[in-house]
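One-letter residues, chain by chain:
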Amino acid sequence: MAAPKGKMVSFTIDGQQHQVSVGAASDGSTAPVTASTSLADYLRDQCGLRGTKVMCRGGMCGACVVTARVTDPATGQTEVRAVNSCLAPVHNCQGWQIETVQAIGDRKAGYHPAQSRLAQMNGTQCGYCSPGMVMSMYSLLESGEAVTPQSVEQHLDGNLCRCTGYRPILDAFKTFVPEADEKTQQIIKDIEDVAPSGSKAGSCAKKCSVGGGGGGGCVGCPRTARLASDGAEKWSYPTSLAELCAIIKANPADKTLKLVRGNTGTGVYHDAGQPDGYVSLLKVPELSQVTQTASALTLGAAVSLSRVIEEFQKLSSTAGFGHFSDMASHLLLVANTPVRNAGSWAGNLMLKQTHGDFPSDVFLLLAAAGGRLQIADEDAATTEIPVEQLLSEDMARKVIVSVTLPTLDETKYVFKSYKITPRAISAHAYVNAAFVLPLDASFTVVEKPTLLFGGISADFVHAANTEAFLEGRSLTDEQTVQGALAALQAEVVPTPDPAEADPAYRRSLACALLYKVVLRVLGDQVPAPLRSGGEDLTHPVSSGTQQFDTDQTLWPVNKAVPKLEAQAQTSGEAKYTGDEPAEPDELVAVYVQTTIANGQVASVDTSAALAVPGVAGYVSAADIAGVNNICSYGDTVEELFTSGQVLYYGQAVGLIVADTYSAARTAAGLVKITYTDVQPPVLTIKDALKKQGGSATAAPAAKTTTKQGVRQVIGEFSIGGQINMSVRRLGGGYGSKLQHPSRVASAAAVAALTVNKPVRLVLDIRTNMTLLGGRLPYLIQYQAEADETTGKISSLQIKFTADAGAVGYAADDTSLALDTVTNVYEAEGWQTEGTAVLTNTASNTWCRAPGTVQGVSGIECVMDHLAHELGMDPWALRQANFFGPDTKFRKGGNRATDYDVFMQMVTEMFSEADIDARKAEIAQFNQDNRWRKRALSLVPVRWPILLFARYPTIVSIYKDDGTVAVSTGGVEMGQGLNTKVAQVCAKVLGIPLELVSVKPNMNIINPNGDSTGGSVGSDMSSLATKAACEEMNERLAPFKAEGRAWADVVKRAFNLGVNLTAYHYQKPILTPYNIFALAAVELEMDVLTGQYRLNRTDLYEDAGQSLSPAIDIGQCEGAFIMGMGLHMGEENRYDTETGRKLTDSSWNYYVPSSKDIPTDFRVKLIKNNDNPIGIFNSKATGEPPLCTTYAAISALRQAVAEARKDAGHTDWTQLGEWGWQLGEWGWQLGEWGWQLGERGWQLGEWGWQLDAPGTVEKAQTACQLSPEMFVIS
Ligand SMILES: Cc1cc2nc3c(=O)[nH]c(=O)nc-3n(C[C@H](O)[C@H](O)[C@H](O)COP(=O)(O)OP(=O)(O)OC[C@H]3O[C@@H](n4cnc5c(N)ncnc54)[C@H](O)[C@@H]3O)c2cc1C
Ligand code: FES
Ligand code: FES
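All figures in this text were calculated on a predicted structure; none of them were measured in a lab. For every chain, the first residue of the written sequence is number 1, and numbering continues from 1 along that sequence. Going through the entries in the order they are written, you letter the chains from A and number the ligands from 1. Only residues with pLDDT of 70 or above have their local features reported here, since the model is predicted, and side-chain atom pairs are shown and tallied only from 80 upward, although totals for entire chains, interfaces and linings are computed over all residues. Side-chain descriptors were evaluated using all non-hydrogen atoms of the structure, hydrogens and water having been removed beforehand.

With that out of the way, let us pick up the overall build of the protein chain. Working definition: helices are DSSP H or I runs of at least four residues, strands are E runs of at least two. Numbering for both runs from the N terminus. Along its length, the protein chain carries 35 helices and 37 strands. When we talk radius of gyration, it's over C-alpha atoms, and the globule rule is simply 2.2 Å times the number of residues to the 0.38. Its C-alpha atoms give the protein chain a radius of gyration of 31 Å, within 12% of the compact-globule value 33 Å for 1273 residues. Expressed as lengths along the three principal axes of its C-alpha atoms, the size of the protein chain is roughly 90 × 85 × 70 Å. Buried positions account for 61% of the 1273 residues belonging to the protein chain. Note on definitions: a residue-residue contact is assigned when non-hydrogen atoms from the two residues lie within 4.5 Å. Taking contacts inside the protein chain between residues at least 6 apart in sequence as the whole, the part at least 24 apart equals 77%. Total accessible area on the protein chain is roughly 44500 Å²; 51% of this is exposed by carbon and sulfur atoms. A positive count includes Lys and Arg, and a negative count includes Asp and Glu. His and the chain ends are not counted in either. Charged groups are reduced to one reference atom each: NZ for lysine, CZ for arginine, CG for aspartic acid, CD for glutamic acid. Of the charged side chains in the protein chain, 106 are positive and 135 negative, and the gap between their average positions amounts to 4 Å. Classification of residues uses two cut-offs on accessible area relative to the type maximum, computed with a 1.4 Å probe and protein chains only: under 20% is buried, over 50% is exposed, and between them is partly exposed. Note on areas: Shrake-Rupley, 1.4 Å probe, and residue coverage restricted to the protein chains presented here.

And the structure:
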């Protein structure tokens, strides 16, 4: 491919030629593209291809994935790869053929099978991730790589989904595996009967405006889109190394020049400023070469990480290259597929060179493998240095050309590397390590070994003292191992970094990894129980089953149907708020946020900001015409822009309005704010309690009970907050939707009024995560007593304290916790209390199962704690406290059948999931393994619900064809509301489902409707629809009685003046009912590292007579994975001095990935069970399954307890920050009278607490490992 001439980049998008060049556009307008414009923005803003989504803009979420065909300058071959369009600069796309989701299939041409199978197999909910999912799968299909269950899962490792729980997505795409079984083939056939596949990009269908049809560009059309770029002249495209060096040489010393391969580095470290020039490395053949000799492999600097993995895999069976197998496996854990497709190993090394603390896996591997770098200077003179030396090399005006990796004699050297991460995939390492051990047959280290570590500190790479210690010693000698561990412990001194794992954990991990490699090397030389410590905890390909009943006489209600919008979502045809086309003269806005958490704004100087070209103005509290309050709940006031008082770091001060985001962002950075009265921030519930003058600690002085035969537990459990990162259609999905959008909408409205132009305000992820709060964190404190023989609870006091954030509009969250704290138990005499505190953090808000999940988790923690205290099986203790047929709950009542339904669920679970036998196997496993532990935890849920909301709904029938349109008071946000409504409508009117469409929620139809939440949206909308349809039936009855077909009935009724529109205002139904759920989670933990996986999960849900079983199954799966994130991984960290939120992007806030889901995930809707209060006997499903997810952390705690038992610790597994120290106050809890004892409280007594989220770090720390335990005999 020739270099572009005259600074023009040319590429194709969906078959249409595009040229971006210097100067004015063909229509004479000014340049719409800049030097740094991303392909994603180009697609969306310049081409109107808004099927491609953006979310994190950092290579983590995959919403922006497109397929690129790129020609390798060294081989001339074209590769097909998925790439993140958010990271690819459009100027770096020279010669690319790009395909987007909108071209591979649509409603006119027919859908691509990846689109139709994902839709028909219920792989979408809100659908925002779906186009990216489709394009990742499409790229795999087009790449020519074998499609296997493994390759499908591997290729989706860069796509996050917040709603579905991944299982249906993986299932849909695994249907492409050629050896599909009979059942799958039938599924494919059924899908293709419903949605025949159409043409795909690559063959021109001549349907666009150029080709003769309508719509946008299509494949093969000759038209060329020409766009101007005011940054094109900054880019160079050398086609040889010599040319590249000449460009570097010609660059003036005072100008910055950026070499660009994949540009994925900006996903990790955002560029501080714009460079003066860019050089694309993609056309330099020398940098893309791969050469192999008998003694080495040489990789050009622009070879992508994906290609490196392929080369390593190919060579790993060749003598001398066996270690490439381990390196390839490790590299598969670096970033994710689209990042590895675009990103180069050399770019990665340069990130490490610039940021010493970057825990680069690539650096570690290449250094351990003895790699030598060839580096060229501006005169094209080449030098060679070991990889490690790069860190101290002055790389100014130089370029990495290649790396040479020598062979390694497998008979002498053992190569092994590790990467320990907070999430299974797509996460950077807590600590990584690579070891090369030269060993003889007696396991003596015959020369100096290589022990490299990352994640420790900016300048720590080699464990030099440990290497020296090991030389000449035998690994079979206990003294050797202990000596090496002591040396390592002494030299590993991790740098504290509040955004990363605790130094103590990182040091412990470094020791554990050294021990792990020793165990691996020694294999069966060590006692059997130790051997599994040498194995890696892997995540096998997952699978799932879904079971439900369906009664055909009720169809289309109770029938498993795909979501109405699914096809539009998977094809990118569904429009979301951010997809609205730009208005003429539209401006954009960017927030100016506070940089302290607690104090007063003294002054705001916007002079420099307003001088930035393109800036239209600054908008602040002074511009608000009315009241500066965005809160519509009670008397709480939350300011839109601060009028002076600063309540948290990141609070809105104002908006910069400009003609481009780039100008607005630059200007926002120039606003100077000064502060007075700066106070230390209050960031946690305990800090807030202390500030209120009460006691912050949960641990009382001592147990207070003196009763005979009764045992007491006192403890606490914390559950952190959680942030919903996805953008939903119509304003949010399973969290943050009720209050937060009004803040953004109001700010845009004030700005638009002020500058008198339309203003678009779309939050980037950092603003989103710092300006807006998430789920309320909770502190749950309890004191409970139970009979030591039966386990029956005789008294319980439990208090829920929630953190409402800066203002308390969601402070009533805890009242919901009190609804579920009694769960499935006879709660006679229990004392429960809920309260909230304010902290200097963004206002928190209701998020899927608000309060109710903490209610269940709180009481289930008490159950576990009591079981531990009594030495009882945790399930047996729960059983001893189950409610009975006559129990009356505070909320939820108790229908006569409730007890039977619940007990049926329990019985089926025990028999179908083989609980007792598996528990016995697990006990044996734990006895046989010191460093691997398993646990099985069961958590029941009773979720009381009241159909509280008021929803107006309108049903209109069209006279010409009998089609029906419905608009309800509920909002579709992925939960399948529209589909359920359509099913109900079709059922009641007695017409085919295909005749019904559900229109958007409109305020003229739904003027005073309640918010969609509390799991009642679908039900209340369906009830209202049912009533409206019944009214319609009454009107149509005479015509139906004439025996006419539906279309005739409608026509005749219309001709005779019948009103074909019915409206129903659905009032709340004040009789509550109970929903039951039960989860059994089996977890396995690697004790040495703390990593764990869910081996199996069985989730049973009582959906009554499910309105739409496939959708309800999806709700269960999605809710479970979301709850798993809450309990296991999603952790917010703050800078305790400034109050800044440190977990402010997808780089450091970990929602579950597709590899975190249970390996075996079985979901069942228990046999159709009636519910006269619900619509068509159904029950709601949105939130109850989320409440079962305490089972995951409960299993983790059991696994930790098993590990602790082996280490001689039998106390209750607690690990809170307070577990370490003697509290200065002891504690007291208001009227319950838990008072400070004479002794204060101490570690031994309260043991260790495992708070949620139960991260890998916390799990390992709770095992209280110490090097003395790392024995080999
Ligand atoms: C979401 C995400 C997750 C990630 N996770 C991990 C992880 O778990 N472990 C890990 O190790 N890495 C991780 N990375 C880093 C990733 O591997 C690098 O971003 C990638 O390898 C950089 O390659 P690139 O070609 O895109 O470099 P670019 O972004 O193009 O360049 C990066 C820097 O290197 C310079 N540069 C590039 N090539 C050369 C050259 N030949 N000579 C001199 N300078 C050069 C550039 O000028 C720039 O300064 C992650 C990245 C992302 C976005
Ligand atoms: S928007 Fe590109 S990966 Fe998230
Ligand atoms: S369906 Fe995947 S993010 Fe909503």
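Here, expected helix span is obtained from the residue count minus one, scaled by 1.5 Å. Counted at 1.5 Å a residue, the expected span for helix 22 (residues 740-755) with its 16 residues is 22 Å, and the 23 Å between its end C-alpha atoms agrees. Restricting attention to buried positions, one finds in helix 22 the residues His-740, Arg-743, Val-744, Ala-747, Ala-748, Val-750, Ala-751 and Val-755. Along helix 22, the residues classed as buried sweep out an arc of 160° about the axis, all on the same side. For helix 22, the elements touching its buried residues are strand 19 (587-593), strand 21 (615-620), strand 23 (652-658), strand 26 (759-760) and helix 23 (765-771). Positive phi appears at Asn-756, one or two residues downstream of helix 22, with a value of about 60°. The directions from the helix axis to the C-beta atoms are what the arc is built from.

One heavy atom within 4 Å of a molecule or strand is enough for the residue carrying it to be called near that molecule or strand. Every one of the 36 residues lining ligand 1 counts as a neighbour, but Leu-259, Thr-264, Ser-344, Asp-361 and Lys-419 are closest to it. In isolation ligand 1 offers 980 Å² of accessible surface; the protein chains occlude 95% of this area. Counting only elements with at least two residues in the shell around ligand 1, the list comes to strand 8 (257-260), helix 12 (345-354), helix 13 (361-368) and strand 14 (398-406). A total of five residues in the shell around ligand 1 trace back to one element, the largest contributor, which is helix 12.

Our next topic: the sheet that holds strand 32 (residues 964-967). Here, any two strands with at least 2 DSSP bridges between them count as paired. Ordered in space as 33-32-31-34, the four strands form an open sheet in which the pairing is mixed. The open sheet terminates on both sides in strands that have one partner only, identified here as strand 33 (996-998) and strand 34 (1061-1066). If you compare each strand with its neighbour and ignore which way they point, the axes differ by 15° on average. Judged from the three bridges that link them, strand 32 and strand 33 form a sheet pairing that is parallel. Residue pairing for strand 33: Val-964 is matched across the bridge by Val-996. Fitting a line to C-alpha atoms yields each axis, with helices limited to the stretch in contact; the angle taken between N-to-C directions then spans 0 to 180 degrees.

What follows is about the side chain of Ser-38. If you trace the backbone, Ser-38 turns up in the loop between strand 2 (16-22) and helix 1 (39-46). There is a polar contact of 3.1 Å between the side chain of Ser-38 and the backbone nitrogen of Asp-41. Discounting residues that sit within four places of it in the chain, Ser-38 has contacts with Arg-57, Ser-85, Cys-86, Ala-88, Pro-89 and Val-90. In protein, a polar contact means a hydrogen-donor-capable atom and an acceptor-capable atom, both N or O and within 3.5 Å, with residues adjacent in sequence counting only if both atoms are side-chain atoms; elsewhere, any N or O pair within 3.5 Å suffices.

Turning next to the UniProt feature "binding site: [2Fe-2S] cluster 1" (unreviewed entry) in the protein chain. Look at the UniProt record and you will see "binding site: [2Fe-2S] cluster 1" (unreviewed entry) annotated at Cys-56, Cys-61, Cys-64 and Cys-86. Across 31 residues in sequence, these annotated residues keep their C-alpha atoms within 10.3 Å of one another, forming a single compact spot. Examined against the element boundaries, Cys-56 turns out to sit in the loop between helix 1 and strand 3 (65-71). Cys-56 has contacts with Cys-61, Ile-765 and Ser-1146, leaving out every residue within four places of it along the chain. Mapped onto the elements, Cys-86 comes out in the loop between strand 4 (78-84) and strand 5 (97-99). Beyond its immediate sequence surroundings of up to four residues, Cys-86 is in contact with Ser-38, Ala-40, Arg-57, Gly-58, Gly-59 and Cys-64. UniProt positions are given in the numbering used here, feature names are shortened, and annotations may be inferred rather than shown by experiment.

Under the pairing criterion, centres of Phe, Tyr and Trp rings, with the six-membered ring standing for Trp, must be within 6.5 Å; the plane angle then separates stacked pairs below 30 degrees from edge-to-face pairs above 60, leaving the rest tilted. All chains considered together, the criterion is met by 28 aromatic pairs. A ring pair is formed by Phe-883 and Phe-1076, whose centres lie 5.9 Å apart and whose planes are at 5°; its orientation type is stacked. Taken as a pair, Phe-883 in the loop between helix 26 (874-880) and helix 27 (898-912) and Phe-1076 in strand 35 (residues 1069-1086) lie far apart in primary sequence, 193 residues in all. By the burial criterion, Phe-883 is buried, and Phe-1076 matches it. Ring geometry for Trp-931 against Phe-1270: centres 5.7 Å apart, planes inclined by 75°, an arrangement best described as edge-to-face.

For the rest of this paragraph, the subject is the domain arrangement of the protein chain. For every domain, the bounds stem from an assignment made automatically or drawn from a database. Each domain of the protein chain was delimited in the assignment, giving domain 1 (8-202 + 218-234), domain 2 (285-534), domain 3 (586-679 + 745-771) and domain 4 (949-1067). Centre-to-centre separation of domain 1 and domain 3, based on C-alpha positions: 35 Å.

Next up on the list: helix 3 (residues 130-143). For helix 3, with 14 residues, the first-to-last C-alpha span of 20 Å sits near the 20 Å given by 1.5 Å per residue. Residues of helix 3 that are buried include every one of Ser-130, Pro-131, Gly-132, Met-133, Val-134, Met-135, Ser-136, Met-137, Tyr-138, Ser-139 and Leu-140, and no others. Backbone geometry just after helix 3 places Gly-144 at a positive phi near 85°.

Take the environment of Lys-707 next. Along the chain, Lys-707 turns up in the loop between helix 21 (685-691) and strand 25 (710-719). Each C-alpha atom, one on Lys-707 and one on Glu-785, is 9.5 Å from the other, the two residues being 78 residues apart in sequence.

This next bit is on the packing of helix 24 (residues 813-820) against helix 25 (residues 852-870). Closest axis-to-axis distance for the helix 24/helix 25 pair is 7 Å, and the angle between their directions is 50°. Between helix 24 and helix 25, the angle is such that the two are oblique. Where helix 24 crosses over helix 25, the two elements pack in a sense that is right-handed. In contact with Asp-813, Leu-816, Ala-817 and Thr-820 of helix 24, helix 25 contributes Thr-852, Gln-854, Gly-855 and Val-856. Charged means Asp, Glu, Lys or Arg here, nonpolar means Ala, Val, Leu, Ile, Met, Phe, Trp, Tyr, Cys or Pro, and polar covers whatever is left, Gly included. Tallied by class, the residues present in the contact of helix 24 with helix 25 amount to three nonpolar, four polar and one charged. Roughly parallel here means an angle under 35 degrees, roughly antiparallel means over 145, roughly perpendicular means 65 to 115, and every remaining angle is called oblique. When the near helix sits turned anticlockwise from the far one by under a right angle, the crossing is termed left-handed; a clockwise turn instead gives a right-handed crossing.

Where strand 28 (residues 793-803) meets strand 29 (residues 831-837), seven bridges bridge the pair, whose relative direction is parallel. When the sheet's bridge partners are listed, Ile-798 is paired in strand 29 with Thr-832. With helix 24 bridging strand 28 and the parallel strand 29, this β-α-β connection has right-handed handedness. Whether a crossover is right-handed comes down to one check: with the strands pointing away from the viewer, does the path from the first strand over the helix to the second run clockwise; if it does, it is right-handed.

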